[in-house]
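# Chains, contacts and geometry: an overview
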Amino acid sequence: MADEALNLSEKKAEFREKIKELLPEGNLNLCFTCGTCAAGCPATGLENMDPRKFVRMIALGLDEEVLTTPWIWMCSLCMRCIYACPMKVDIPNMVGLARRTWPREKRPKGIIDSCDMALRNDTCSAMGANEEDFQFVVEDVAEEVREEQKGWEDLQAPVNKKGAEFFLNQNSREPVTEPDEMIPLWKILHLAGADWTYGTKGWAAENYCLFAQDLENWEKIVRVKAKAVDDLGCKVWLNTE
Amino acid sequence: MQDPCQLVRKSFGDPVAEDMRFVVKSVVGEENFIDMTPNMSNNYCCGGGGGYLQSGYTEARHQYGKMKFDQIKNTGATYCIAPCHNCHSQIHDLNDHFDGGYHTVHLWTLICLSLGCLGENERAYLGPDLAEVGL
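Residues numbered from 1 in each chain as written. Chains lettered and ligands numbered in written order. Predicted model: local features only at pLDDT ≥ 70, side-chain atom pairs only at ≥ 80, totals over all residues. Heavy atoms only, no water.

Bringing the domain arrangement of chain A into the picture now. Residue and element names in this part refer to chain A. Domain assignment breaks chain A into domain 1 (8-102) and domain 2 (110-238). Contacts between the two partners involve 4 residues from domain 1, matched on the other side by 5 residues from domain 2. For domain 1, the biggest contributors to the area lost against domain 2 are Trp73, Arg99 and Arg100; these three give 78% of the whole. In this structure, the connection of domain 1 to domain 2 is made through 0 salt bridges. Summed over the shared surface of domain 1 and domain 2, the number is 2 residue pairs in polar contact (both at pLDDT 80 or more). Taken together, the residues of the side of domain 1 that touches domain 2 sort by class into 1 nonpolar, 1 polar and 2 charged. (Domains from an automatic or database assignment. Contact = heavy atoms within 4.5 Å. Buried area = accessible area lost by both parts, 1.4 Å probe. Salt bridge = Lys/Arg side-chain N within 4 Å of Asp/Glu carboxyl O. Polar contact = N/O pair within 3.5 Å; in protein donor to acceptor, adjacent residues only side chain to side chain. Nonpolar A, V, L, I, M, F, W, Y, C, P; charged D, E, K, R; others polar.)

What follows is the structure, encoded as structure tokens:
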């Protein structure tokens, strides 16, 4: 922290003005500075920052500090701060706006790479699994259960079943690295008598473009997935994330 | 049991947290369920969401997750149920990092175990005490 008094008249406070414009419902000026947000935030203390400090620094116009701290990537956007806040100051969206001010190439590489990978085909898989691979794994694993597990000769894991009630998303990690973990879920759906399906398009549950705050591609991925659900005529889109 | 932020606080709130508890108690037996504190909509994030697992800030993610780790350890429970993919990855990793001595399981694993239909290859996350049950 600074040892000398801050001269606020020298601050441009461009980020504060941007928040007022883009997030008028963000209640920036309603903060009591009570600290309820910081008390319940697991990111408090990381990078010498916490949610209350973050809001005060925005309000004081300390743009340089606010827009360069990596703390905004150490926030998980869990929304506990706004949930607990008596004035509903929208800190998570302020963190999101701060993420957007970082040049794309400066944002965490792992998140950007996962976002880019998901854009490579219509599965939206951040691990790059394509339509054929996904369908093969699902059908192969289901066939093995039918053959080897007594009482499960009728187990189905439908892919592209038109008109099913539920369109089920799946995190890429299961089909790619631990496919047997999908089986218990299929069994539960079977026992519940659910009419469900996967889709070769849009099956991947994750969307790293949201975390990257790449708005255009975040929307693009949501639209690809929503179209896949609509194209199969499913009523409910189930995301297990 | 972890309350996934995405499911509870950010989507369906306390009613779905109550539903999950109904399912978990039915599955493991009410006397075997120990809630962490705070819980439901007030529960803390595990630190696996928001892109954290892919962000490269691993040390910060572990520091963040210490709060969750301590919550879990304070229950004294030997299993933590994580009904969300990111939560499962993070809570499992926290156990490895801080040497917690607890097991991290998906809810689907315990549902099928209690129904007597959990296959041999579907038990990667069960501890030795449950690994052979119902086979």
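That shown, we press on.
Here the structure, examined in full by the defined rule, presents 10 aromatic pairs over all chains. Taken together, a centroid distance of 5.5 Å and an interplanar angle of 45° make the contact between A:Phe54 and A:Trp71 tilted. One end of the pair, A:Phe54, is in helix α3 (residues 51-59); the other, A:Trp71, is in the loop between α4 (63-68) and α5 (80-84), with 17 residues separating them in the sequence. Between B:Tyr52 and B:Tyr64, the ring centres sit 5.4 Å apart and the planes meet at 75°, which makes this aromatic pair edge-to-face. (Phe/Tyr/Trp six-rings, centres within 6.5 Å; stacked < 30°, edge-to-face > 60°. Helix = DSSP H or I, 4+ residues; strand = E, 2+ residues; numbered from the N terminus.)

Residues and elements named next belong to chain A. Where helix α1 (residues 14-22) meets helix α6 (residues 91-101), the axes come as close as 11 Å, and the angle between the chain directions of the two elements is 120°. One element, α1, and the other, α6, form an angle in the oblique class. For the pair α1 and α6, the crossing hand works out as right-handed. Residues Phe15, Lys18, Ile19 and Leu22 of α1 form the contact with α6, whose participating residues are Met94, Leu97, Ala98 and Thr101. (Axes fitted to C-alpha atoms, helices over the stretch in contact; angles between N-to-C directions. Parallel < 35°, antiparallel > 145°, perpendicular 65-115°, else oblique. Left-handed = near helix turned anticlockwise from the far one by under 90°.)

Residue and element names in this part refer to chain A. On the surface, a nonpolar cluster with roughly 320 Å² of combined accessible area is contributed by Leu215, Trp218, Val222 and Trp237. Per-element tally for the nonpolar patch: the top contributor is helix α12 (residues 215-231), with 3 residues. For Trp237, a relative accessible area of 35% corresponds to the partly exposed category. (Patch = residues over 30% accessible without salt bridge, like charges linked within 9 Å, V, L, I, M, F, W, Y side chains within 5 Å. Areas by Shrake-Rupley, 256 points an atom, 1.4 Å probe, with all protein chains shown as cover. Buried < 20%, exposed > 50% of the residue type's maximum accessible area, 1.4 Å probe, protein only.)

What follows concerns the state of the cysteines. All chains considered together, the criterion is met by 1 disulfide over all chains. With its sulfur 2.2 Å from that of its partner, A:Cys115 forms a disulfide with A:Cys209. Classification of the bridge connecting A:Cys115 and A:Cys209 rests on its S-S torsion, roughly 95°, and on that basis the disulfide is right-handed. Linking A:Cys115 in helix α7 (residues 109-118) with A:Cys209 in helix α11 (residues 208-211), this pair joins segments that are 94 residues apart in sequence. Cysteine A:Cys34 shares no disulfide, and the gap to the nearest cysteine sulfur, in A:Cys85, comes to 6.3 Å. Take B:Cys45: it sits in no disulfide, and the sulfur closest to it among the cysteines is that of B:Cys5, at 4.0 Å. Taking relative accessible area as the criterion, B:Cys45 reaches 4% and is therefore assigned buried. (Disulfide = S-S within 2.5 Å.)

All names here are of chain A. An order of β2-β1-β3 is seen for the 3 strands of this open sheet, with the pairing classed as parallel. The sheet is open, and its two edges are formed by β2 (196-197) and β3 (236-238), each paired on a single side. One ladder, built from 3 bridges, connects strand β1 (residues 166-168) with β3; its direction is parallel. Bridge pairing in β3 links Phe166 to Val236. The strands that α12 touches are β1 and β3; relative to β3, the one it contacts most, it runs at about 130°. (Pairing = 2+ DSSP bridges.)

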